[in-house]
Amino acid sequence: MAGLEFIGVRKTYPNGVQAIHGIDMAVADGEFVVIVGPSGCGKSTLLRMVAGLETVTEGEIRIGENRVNELEPADRNIAMVFQNYALYPHMSVFDNMAYGLRNRRTPRDEIARRVAEAAGTLQLEGLLDRRPGQLSGGQRQRVAMGRAIVREPEAFLFDEPLSNLDAKLRVQMRLEIKRLQRALGTTSLYVTHDQVEAMTLADRLIVMNAGVAEQVGRPLEIYDAPATLFVAGFIGSPAMNFLPGTVADDGSGANLDGVDRTLLVAPPASAGRGRIMVGIRPEHLEPVSREEAAMEVVVELVEALGADSLVHGLLADGGEGAAVTVRLDGARRVAAGEVLSLAVAPNHVHFFDPDDGKRLA
Amino acid sequence: MVENRPWLTVFSHVVLCLGVLVTALPIWIAFVASTHPADSMLSGRTPLLPGGHMIENYATVLGSGVRAAGSIPVGTMLWNSFVMALMIAVGKIAISIIAAYAIVYFRFPLRRTCFWVIFITLMLPVEVRILPTFGVVASLGMLNSYWGLSVPLIASATATFLFRQFFLTVPEELAEAARIDGAGPFKFFRDILLPLSRTNIAALFVILFIFGWNQYLWPLLVTTDEGYYTIVMGIQRMLQAEDAEPAWHEIMATSMLAMLPPVLVVVFMQRLFVKGLIEQEK
Ligand SMILES: Nc1ncnc2c1ncn2[C@@H]1O[C@H](COP(=O)(O)OP(=O)(O)OP(=O)(O)O)[C@@H](O)[C@H]1O
Ligand SMILES: [Mg+2]
């Protein structure tokens, strides 16, 4: 087992696309780190550099104590699980798992032992003679996992391994991956753009945007204190409401554009007296009586999910009418056109500098 | 399409039957002719039912050969054709699959140029370059040899192109997974690409074997030694018998024999590549 380290890693593709703009971070031994970000932000690129499938343009990647930039993928002691599984279609499940071991000249009985063990863990015992084409999606996914496990690598690399599965199976496999990683204690890097996966799996989360790690931290740290507007908007579903406004003259609150009363939550001193961006998550708005309300919202659309309802509306007295989403208890019935008076949980208001998008603290 | 239009069904069956007749009749006549004595083909009336000389005619052809054409036993010529067709088919597949592998999976200088050069040779079939090719083969001393018969026909842009197209459909992740699994270029080719290509190889083999078998002009040029005559050119020589009527019954018997191996290859390989198609994974 070993940790992983990125030192000033950059990547420019031969066609000039700069995919990674400098990543510095360390992954501890046994840690499960999830890389999350929108499409095209460089997640796969980063992972593939660790795997050795892409060259590192600048900087250094270490696995354990060793610089691996120049090593062949097979010599890096990693295992990768691909989005489309990349199983060898003409080989049996057993051979798929054994192929890498055979290439490393592992003794025959050792191969048999490791494959049997992995098959046991992954409930693949009855399927070892089948071809991948004769398996369901979830079983293929397991075989791909098995191929990674039998190598007993220093690190697992996952590139969106669950995105080809249906929703139910995805939840199930998510738990299985987590359990497996706990049991094996193998350092893991996991790429996804699904934030539920990211939040649930990660010991630590890297939120990437356009080739930069915007924030690195524990999932709940990031949820509670997003470092930038981008992270605030990306983590959490439905996304955080952003309401532009101005800091009140005495600094005791913020005057939101389109709201005629002052939001009585004091912005941090560093906000100064100018424009400010206020972020409030949908789950931190609460219906109250008119007198206590911080803002009023005209309901446009209600998405009833059962346990809770997502209410999409517009600020009632807003000129340009900023959109606001509220998460309400599912038991509460709301109709379109209704006016909701909402209070804000004071400890859950986020302030950002509208110019550079940074969190104000 | 499920439609119930009786007239359309009748009509299409009539067309089909006519098609089968047009294709099969000459073969039937050739077969009938190969079972008659020499004179019945020259009497002016073509018989339509088999005669009684089948065993006799075939024995002559296989044993001593057609006298007027130099008495080369058909067995020898069949063997020569078989060796030539096999060498051409195997050689073409081997060379083109390796060329396609290089073009698709390796980055080397002038890669695109190489591909286009190969592609352009599609425009230069044997017939176009026959004189220079003959010169080269002659000066290499390959006249009257199996190498001379097959090597110049082995380079194949078509097969290279087909394999290239197939390799492009193999997911890139498969190559990457193999790299992580410690398979070098050779192992990847042998353990993964080759088994995945087996359906394509089988189909190409059938086509190329028949292509090789039917070669006519080239064997005619490079062989002067009767021991290397191929069946297709052999039949032609039988027709040119000097101061005698062509021995139609024996020529037809030879033709029937010449048709047999390609048919066998198709029948045998068809099972193989239909099996391949059924087993093909997503
Ligand atoms: N082989 C390549 N050559 C040139 N540019 C590339 C190559 N692969 C990726 N890119 C570019 O690099 C950037 C990052 O790509 P990457 O595949 O890492 O994104 P991603 O975060 O994994 O996205 P997704 O969630 O869609 O998989 C993109 O702008 C992409 O267009
Ligand atoms: Mg990706």
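Residues numbered from 1 in each chain as written. Chains lettered and ligands numbered in written order. Predicted model: local features only at pLDDT ≥ 70, side-chain atom pairs only at ≥ 80, totals over all residues. Heavy atoms only, no water.

**Things to note about the pairing of strand β7 (residues 155-159) of chain A**
Residues and elements named next belong to chain A. Definition in use: Throughout, exposure labels follow a simple rule: accessible area from a 1.4 Å probe, protein chains only, divided by the maximum for the residue type, with under 20% read as buried, over 50% as exposed, and the rest as partly exposed. Strands here are runs of E lasting at least two residues and helices are runs of H or I lasting at least four, both read from the DSSP assignment and numbered beginning at the N terminus. Whether two strands pair depends on DSSP finding at least two bridges between them.
Burial analysis of β7 places 5 of its 5 residues in the buried class, the great majority of the element. Side chains A155, L157 and D159 project from β7 onto one buried face, and the interleaved F156 and F158 project onto a second face that is buried too. As paired elements, strand β6 (residues 78-81) and β7 share 4 bridges and run parallel to each other. Its bridge partner being in β7, M80 is matched across the sheet by L157. Bridge analysis of β7 against strand β8 (residues 187-192) gives 5 bridges, and the strand direction is parallel.

**A word on the site of ligand 1**
All names here are of chain A. Cut-off, in case you're wondering: We call a residue near a molecule or strand whenever a single non-hydrogen atom of that residue lies within 4 Å of it. In the analysis that follows, any N or O atom pair within 3.5 Å is treated as a polar contact, provided that within protein one partner can donate a hydrogen and the other can accept it, and provided that, for residues neighboring in sequence, both atoms belong to side chains. All accessibility values rest on the Shrake-Rupley procedure with a 1.4 Å probe; residue burial counts only the protein chains present in the view. In this classification, Asp, Glu, Lys and Arg are treated as charged, Ala, Val, Leu, Ile, Met, Phe, Trp, Tyr, Cys and Pro as nonpolar, and every other residue, Gly included, as polar.
Looking at ligand 1, there are 13 residues lining it, with S39, G40, K43, S44 and T45 nearest. Here a nitrogen atom of ligand 1 sits 3.3 Å away from a polar atom, N or O, in the side chain of Y13. Within the side chain of E160, one N or O atom sits 3.3 Å away from an oxygen atom of ligand 1. About the coverage of ligand 1: the protein hides 62% of its 630 Å² of free accessible area. Sorting elements by how many residues they give to the shell around ligand 1 places helix α1 (residues 43-51) first, with 3 residues. Its residues placed into classes, the shell around ligand 1 shows 4 nonpolar, 7 polar and 2 charged.

**Examining the nonpolar core**
Let me state the cut-off plainly: What is meant by a nonpolar core is a set of buried Ala, Val, Leu, Ile, Met, Phe, Trp, Tyr and Cys residues, joined one to another through side-chain atoms within 4.5 Å.
Of all hydrophobic cores here, the largest spans 86 residues; its most connected members are F6 and L189 of chain A together with F167 and I192 of chain B. Per-element tally for this core: the top contributor is helix α4 (residues 74-105) of chain B, with 10 residues. If you look at the next biggest cluster of nonpolar residues, it comprises 43 residues, including L87, V115, L122 and L127 of chain A.

**Concerning the sheet that holds strand β2 (residues 18-27) of chain A**
Residues and elements named next belong to chain A. This is how the line gets drawn: We call two residues contacting when some pair of their heavy atoms lies within 4.5 Å. To define axes, lines are fitted to C-alpha atoms, for helices over the stretch in contact only, and angles between the resulting N-to-C directions are given on a 0 to 180 degree scale.
Pairing is antiparallel in the open sheet, where 4 strands are placed in the order β2-β1-β4-β5. Each end of this open sheet is capped by a strand with a single partner; those strands are β2 and β5 (66-67). Two elements, strand β1 (residues 4-12) and β2, share 7 bridges in a ladder whose sense is antiparallel. Bridging across to β2, F6 finds its partner in M25. Packed onto the sheet, α1 meets β1, β2 and β4 (58-63) and runs at close to 120° relative to β1.

**Remarks on the sheet that holds strand β16 (residues 295-304) of chain A**
Residues and elements named next belong to chain A. Taken together, 5 strands build an open sheet; the order of strands is β15-β19-β16-β17-β18 and the sheet is antiparallel. With partners counted over all chains shown, the strands left at the sheet margins are β15 (285-287) and β18 (323-329), one partner each. Averaged over all pairs of adjacent strands, the angle between their axes in this sheet comes to 50°, without regard to strand direction. As judged from the 7 bridges shared by strand β17 (residues 308-315) and β18, these two strands associate in the antiparallel manner. Bridge pairing links D308 to D329 in β18.

**Examining helix α8 (residues 157-169) of chain B**
The test is simple: A helix is expected to span 1.5 Å for every residue after the first.
The terminal C-alpha atoms of α8 of chain B, which comprises 13 residues, lie 19 Å apart, in line with the 18 Å expected from a rise of 1.5 Å per residue. For α8 of chain B, the full list of buried residues reads A157, A159, T160, F163, F166 and F167 of chain B.

**Here we look at the pattern of salt bridges**
Note that side chains of opposite charge can pair when their charged atoms are close. Residue and element names in this part refer to chain A. Definition in use: A carboxyl oxygen of Asp or Glu within 4 Å of a side-chain nitrogen of Lys or Arg is what we treat as a salt bridge.
As enumerated under the stated definition, the model contains 22 salt bridges over all chains in all. Where R113 meets E110, a salt bridge forms, and the shortest distance between an N and an O atom there is 3.1 Å. Here the residue R113 and the residue E110 both occupy positions in helix α3 (residues 108-121), the gap between them amounting to 3 residues, near one helical turn. Since its relative accessible area comes to 41%, R113 is described here as partly exposed. In the salt-bridge network here, residues are joined through shared partners; they are E110, R113, R114, E117 and E152.

**Observations concerning the domain arrangement of chain A**
Residues and elements named next belong to chain A. We count it as follows: Delimitation of the domains relies on an automatic or database domain assignment. What gets called buried area is simply the loss in accessible area from a 1.4 Å probe that two parts show on being joined, summed for both.
For chain A, the domain assignment lists domain 1 (4-233) and domain 2 (239-352). Between the C-alpha centres of domain 1 and domain 2 there is a distance of 39 Å. Contact with domain 1, which involves 8 residues of that partner, is made by 9 residues of domain 2. Note on domain 1 versus domain 2: buried area summed over both sides is about 710 Å², and carbon and sulfur give 62% of it. Of all residues in domain 1, Y223, L229 and A232 give up the largest surface area on contact with domain 2, accounting jointly for 67% of the area buried on that side. Here domain 1 and domain 2 share 0 salt bridges between them. Linking domain 1 with domain 2 are 2 residue pairs in polar contact (both at pLDDT 80 or more). Contributing elements (two or more residues each) for the side of domain 1 that touches domain 2: α7 (219-224) and α8 (229-234).

**As for the packing of aromatic side chains**
Residues and elements named next belong to chain B. Test applied: Aromatic rings from Phe, Tyr and Trp, with only the six-membered ring used for Trp, were paired whenever their centres fell within 6.5 Å, and each pair was classed as stacked if the ring planes differed by under 30 degrees, edge-to-face if by over 60, and tilted otherwise.
Enumeration according to the criterion identifies 26 aromatic pairs over all chains in this entry. On the basis of an interplanar angle of 65° and a centroid distance of 5.9 Å, the ring pair of F82 and F209 is categorised as edge-to-face. Here the residue F82 occupies a position in helix α4, and F209 occupies one in helix α11 (residues 198-213), the gap between them amounting to 127 residues. Assessed through its relative accessible area of 31%, F82 is described here as partly exposed. Classification of F209 by relative accessible area gives buried; the value is 1%.

**A word on the interface of chain A and chain B**
Where interface size is quoted, it is often the accessible area lost as the parts come together. At the interface, 25 residues of chain A touch 20 residues of chain B. With both chains or domains summed, chain A and chain B bury close to 2000 Å², and 54% of this area falls on carbon and sulfur atoms. Ranking the residues of chain A by area buried against chain B places Y88, H90 and Y99 of chain A at the top, with a combined share of 25%. Scanning the region where chain A abuts chain B turns up 2 salt bridges. For E176 of chain B, the salt bridge is made with R48 of chain A, and the minimal N-O distance between the two is 2.7 Å. Every element with two or more residues in the side of chain A that touches chain B is listed here: α1, β6, α2 (93-103) and α4 (137-150) of chain A. Among the elements that make up the side of chain A that touches chain B, the one with the highest residue count is α2 of chain A (3 residues). Broken down by class, the residue content of the side of chain A that touches chain B amounts to 13 nonpolar, 6 polar and 6 charged.

**What about the packing of helix α10 (residues 185-196) of chain B against α11 of chain B?**
All names here are of chain B. The cut-off we apply is this: When describing relative orientation, an angle under 35 degrees is termed roughly parallel and one over 145 degrees roughly antiparallel, while 65 to 115 degrees is termed roughly perpendicular and anything else oblique.
Two elements in contact, α10 and α11, have axes whose closest approach is 4 Å; the angle formed by their N-to-C orientations is 55°. Judged on the interaxial angle alone, α11 and α10 are oblique. Taken together, the residues of α11 that come into contact with α10 (itself represented by L194, P195 and L196) are R198, N200 and I201. In the contact of α10 with α11, the residues fall into 4 nonpolar, 1 polar and 1 charged.

**With respect to the packing of α4 of chain B against α10 of chain B**
All names here are of chain B. For the record, the criterion: Each helix crossing is assigned a hand: it is left-handed if the near helix lies turned anticlockwise from the far helix by less than a right angle, otherwise right-handed if that turn is clockwise.
Across the interface, α4 lies against α10 with an axial gap of 12 Å and an inter-helix angle of 115°. The angle between α4 and α10 places the two elements in the roughly perpendicular class. The interaxial crossing formed by α4 with α10 has right-handed handedness. From α4, I97, I98, Y101 and Y105 reach across to α10, where they touch P185, F188, F189, L193 and L194.

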